[in-house]
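Here is how the chains run, residue by residue.
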Amino acid sequence: MEEVYVEDRKTIRKKAFIFDLDGVLVFTDKYHYLAWKELADRLGIYFDETINHRLRGVSRMDSLEIILERAAESYTDAQKEAFAAEKNETYKNLLEKMTPADVTREVRDTLAQLKSRGHKVAIGSSSKNTKFILKQVDLLDVFDAVSDGTNITKSKPDPEVFLKAADFLGEEYDNCIVVEDAYAGVDAAKSGNMLCAGIGDARGYEKTDYPLDTFSDILKIAK
Ligand code: BG6
Ligand code: MG
């Protein structure tokens, strides 16, 4: 059944879209998984795709803590920092292979349409590799603002990354729509008093305001 979005005042006055990166614009989840798996295997810790699911939207150190829940021994903060750096090294080597072909035509066209309709677009991602990824896939120049893991102290589900994105854009918080794939991201958007469109996993989450079947469905709420 086709979804029809209600054209209430709340919807049509929305001006800015804040996009999560991993799982929304690019599919780096597989690289996160491979890099964490390599570390977990080396440490002899069980790790699988289901556990990896819990890491979506969560910061690097919080992700490590989730993986270490199954560790037989406890580690010092210095060891944890080293593990996170090791994982990031593996992850960045995988990111090196990304090219503009890793962003779909649908994503590029939708972003271009939003901008031509007068909407501002920003990134709100927990990743400290955000700018590196955007550069790899040639999206860096598309966004009016980038808020990422390098300018926040609290990771999703805290709203900080989205509030900062709105601040960078000079927009009121309730004038922003977040586009997310992770439950933690939807929770962050809602606690920041923003509307949230959900794709992938977040499509079926009850807190999602606008479920998206496909990325270009965003244009239905971008009047
Ligand atoms: C999020 C991912 O975008 O960034 C998480 O969904 C990841 O899985 C987080 O842990 C932090 O990423 P990075 O690149 O700073 O290690
Ligand atoms: Mg995501």
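Colleague: Explain the coordination of the magnesium ion (ligand 2) to me, using residue names and the numbers behind them.
Modeller: Donor atoms from the polypeptide that bind the magnesium ion (ligand 2) are Asp20 (OD), Asp22 (O) and Asp181 (OD), placed at 2.0 to 2.1 Å. Between consecutive donors of the magnesium ion (ligand 2), the numbers of intervening residues give the motif D-x1-D-x158-D. Of this pair, Asp20 sits in the loop between β1 (16-19) and α2 (29-43) while Asp181 is found in the loop between β4 (176-180) and α9 (183-191), placing the two residues 161 residues apart along the sequence. For Asp20, a relative accessible area of 5% puts it in the buried group.

Colleague: Could you give an account of the pattern of salt bridges, naming the residues involved and the relevant values?
Modeller: Applying the stated criterion to the full structure yields 16 salt bridges. The partner of Asp20 in a salt bridge is Lys156, and the shortest N-O contact between them spans 2.9 Å. In this pair, Asp20 is assigned in the loop between β1 and α2 and Lys156 in the loop between β3 (145-147) and α8 (160-169), connecting sequence segments 136 residues apart. For Lys156, a relative accessible area of 2% puts it in the buried group.

Colleague: How would you explain the pairing of strand β5 (residues 195-198) if you had to name every residue and give the values?
Modeller: Side-chain direction in a regular strand flips from residue to residue, so the side chains alternate between the two faces of the sheet. Judged by which residues are buried, β5 turns out to be covered on both faces: Leu195 and Ala197 on one side and Cys196 and Gly198 on the other are all buried. Alignment of β4 against β5, held across four bridges, turns out to be parallel. Within β5, the position partnered with Val178 by the bridge is Cys196. For the crossover that starts at β4, traverses α9 and ends in the parallel β5, the hand is right-handed. Where β5 and strand β6 (residues 210-211) come together, two bridges link them in parallel fashion. Each bridged residue has a counterpart across the sheet, and for Ala197 the counterpart in β6 is Tyr210.

Rules of the game
- Residues numbered from 1 in each chain as written.
- Chains lettered and ligands numbered in written order.
- Predicted model: local features only at pLDDT ≥ 70, side-chain atom pairs only at ≥ 80, totals over all residues.
- Heavy atoms only, no water.
- Donors = N, O, S within 2.8 Å, 3.2 Å for Na, K, Ca; no water.
- Helix = DSSP H or I, 4+ residues; strand = E, 2+ residues; numbered from the N terminus.
- Buried < 20%, exposed > 50% of the residue type's maximum accessible area, 1.4 Å probe, protein only.
- Salt bridge = Lys/Arg side-chain N within 4 Å of Asp/Glu carboxyl O.
- Pairing = 2+ DSSP bridges.
- Right-handed = clockwise from strand over helix to strand, strands pointing away.

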